[in-house]
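Structure assessment
For reference, the chains in residue letters:
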Amino acid sequence: MKIILGVAGGIAAYKAAELARLLMQESHEVQVVMTKAAEKFVRPLTFAALTGRKVLTNLFAIESAIEHISVAQEHELLVIAPATADLIAKLAHGLADDFLTTLYLAFTGPVLVAPAMNVNMWQHAATRANLDTLRLRGHRIVEPDSGYLACGMTGPGRLADPEAIVEAIGREAHKRRDLAGETVLITAGPTQEPLDPVRYISNRSSGKMGYALAEAAAARGARVILISGPVHLPAPHGVEVVAVRTAVEMRQKVFENLDAADIVIKAAAVADFHLSKVPDHKIKKTAARISLELDPTPDILAELGRKKGGRLLVGFAAETQNLQQEARRKLESKNCDMVVGNLVGVSDSGFESDQNEVILALRTGETIPLPRAPKREVADCIFDQVLRLRLALHAANGN
Ligand code: PMT
């Protein structure tokens, strides 16, 4: 892979030279970018000799006026090792005052961060909060080791061994290809069902879960078609977004795009009811109460279950109780291959939250609980299980 190795100014910077050597040995292309502080610990010449490429440090050198943009676009993975507490804080808050931090904001691929610092700095609330921000963005954190630290103290904070970082890069590299050639159709967000030209019924779906699935699939090489209700999220990089508003529009776009899909994931919170005849004029406010006759919306998932063919179909179940039973019931009744069940109405999971805690009910009979995690990590686990499930189903069908 084409890897950018960002090196920050900690005593562990010398280990980054060993990391660069190992990556070159694995035939990766390595472009080293150093912070000013890093140059105090290791000379750029060391990395230039190891990688055969000039080391990038100065954002304002003439020849590199926009080099941070081209370097970001030409590379597939950004590895930052060691990542100091200061650099982690800058990344978390989007500061861009040198080559590495500017490059980070211009980079759209996967990011892997290997922190190294004194144990008290590692355990400080500020560092924890900054790391959580990076995790929520879907960055991989290679946890530091515990042990004797250069400052004479012992405890967590020592840069992970270069071999462990190379292994984490390998996992990231492998993941990048395991959905190549696949087309994934994903629905996300709420639908809005008009009551009149001014009002509508909707729900609290923010779209984060579906967008995390789209990001994860695109990052792993898939073609992604994302059919999205109205949300306040930027279109994920490299994803085809189809905007819809109502359940009827969502259904139409799902079946317009179904032929191209190999995997279908229905994360959208589709309204179950709507006004089948929407008045042309605003309902006037009268003293008397009003009652609305709502009809069921088309059940897109059930229809997909009937028309999926050889595609792998993943439904969701948003429940407030009996999660496992409900997820398994939907698996059967909608002819899904997997149902992702999540409890809603709880704090810090489900609707709007950056995290989710789900169970995966599989057609093979397994039910896999996943720990609460950022939605991007949940999304990666779902795809890991989707690929494993498809192999198991093909084996069971003898093909
Ligand atoms: O968007 P976020 O804020 O990140 O929140 C994520 C989420 C909670 C919305 C998501 O994880 C989730 O649970 N999505 C499904 C919500 C939902 O509608 O669940 P349900 O149990 O009501 O529907 C079951 C399945 O049928 C879902 O796959 C749904 O997409 C589908 N459905 C429902 C109604 C309908 N008319 N057509 C459908 O296809």
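Keep in mind that what you see is a predicted model, and the values were worked out from it rather than measured.

Attention now goes to the sheet that holds strand E3 (residues 77-83). The five strands are arranged E2-E1-E3-E4-E5 in an open sheet whose pairing can be described as parallel. The sheet is open, and its two borders are formed by strand E2 (29-34) and strand E5 (140-141), each paired with just one other strand. Contacts from helix H1 (residues 13-25) reach strand E1 (2-7), E2 and E3 within the one sheet, and its direction differs from that of E1 by about 170 degrees. Set on the sheet, helix H3 (residues 44-51) makes contact with E1 and E2; between it and E2 the angle comes to about 175 degrees.

Relative to the helices and strands, Thr35 is located in the loop between E2 and helix H2 (38-41). On the accessibility criterion, Thr35 (8% relative accessible area) is buried. Reaching out from Thr35, the side chain makes a polar contact with the backbone nitrogen of Gly9 at a distance of 3.5 Å. Those residues in contact with Thr35, other than ones at most four positions away along the chain, are Val7, Ala8, Gly9, Asp98 and Leu100.

Attention shifts here to the environment of Leu134. Along the chain, Leu134 turns up in helix H8 (residues 125-136). Along the primary structure Leu134 and His124 are separated by 10 residues, whereas in three dimensions their C-alpha atoms are 16 Å apart. The contact partners of Leu134, leaving out residues within four places of it in the chain, are Ile88, Leu91, Ala92, Tyr104, Val113, His139 and Ile141.

Ser206, Lys330, Asn342, Glu352 and Lys375 are the nearest of the 29 residues found near the ligand. Ala318 places a main-chain nitrogen or oxygen 3.1 Å from an oxygen atom of the ligand. Between the ligand and the protein, one listed contact pairs an oxygen atom with a backbone N or O atom of Glu352 at 2.7 Å. Coverage of the ligand by the protein chains reaches 94% of its 770 Å² of free accessible surface. The set of elements that each furnish at least two residues to the shell around the ligand consists of helix H10 (208-219), helix H12 (300-307) and strand E16 (312-319). No other element matches E16, which puts four residues into the shell around the ligand. When the residues that make up the shell around the ligand are grouped by side-chain class, the tally is 14 nonpolar, eight polar and seven charged.

Of all eight residues in H12, six are buried, a share of seventy percent or more. The secondary structure elements touched by the buried residues of H12 are helix H11 (247-257), strand E13 (263-266) and E16. Of the residues flanking the start of H12, the one acting as N-cap is Asp299, its side-chain oxygen 3.3 Å from the backbone nitrogen of Leu301. Looking at the residues trailing H12, positive phi occurs at Gly309, about 65 degrees.

Let us look at the domain arrangement of the protein. Here the protein is partitioned into domain 1 (2-175) and domain 2 (183-396). Each of domain 1 and domain 2 has a C-alpha centre, and the two are 36 Å apart. Taken residue by residue, the interface counts six residues in domain 1 and nine residues in domain 2. Of the roughly 760 Å² buried between domain 1 and domain 2, counting both surfaces, carbon and sulfur atoms make up 55%. Where domain 1 meets domain 2, there are one residue pair in polar contact (both at pLDDT 80 or more).

Quick notes on the rules
Residues numbered from 1 in each chain as written. Predicted model: local features only at pLDDT ≥ 70, side-chain atom pairs only at ≥ 80, totals over all residues. Heavy atoms only, no water. Pairing = 2+ DSSP bridges. Helix = DSSP H or I, 4+ residues; strand = E, 2+ residues; numbered from the N terminus. Contact = heavy atoms within 4.5 Å. Axes fitted to C-alpha atoms, helices over the stretch in contact; angles between N-to-C directions. Buried < 20%, exposed > 50% of the residue type's maximum accessible area, 1.4 Å probe, protein only. Polar contact = N/O pair within 3.5 Å; in protein donor to acceptor, adjacent residues only side chain to side chain. Near = heavy atom within 4 Å. Areas by Shrake-Rupley, 256 points an atom, 1.4 Å probe, with all protein chains shown as cover. Nonpolar A, V, L, I, M, F, W, Y, C, P; charged D, E, K, R; others polar. Domains from an automatic or database assignment. Buried area = accessible area lost by both parts, 1.4 Å probe.

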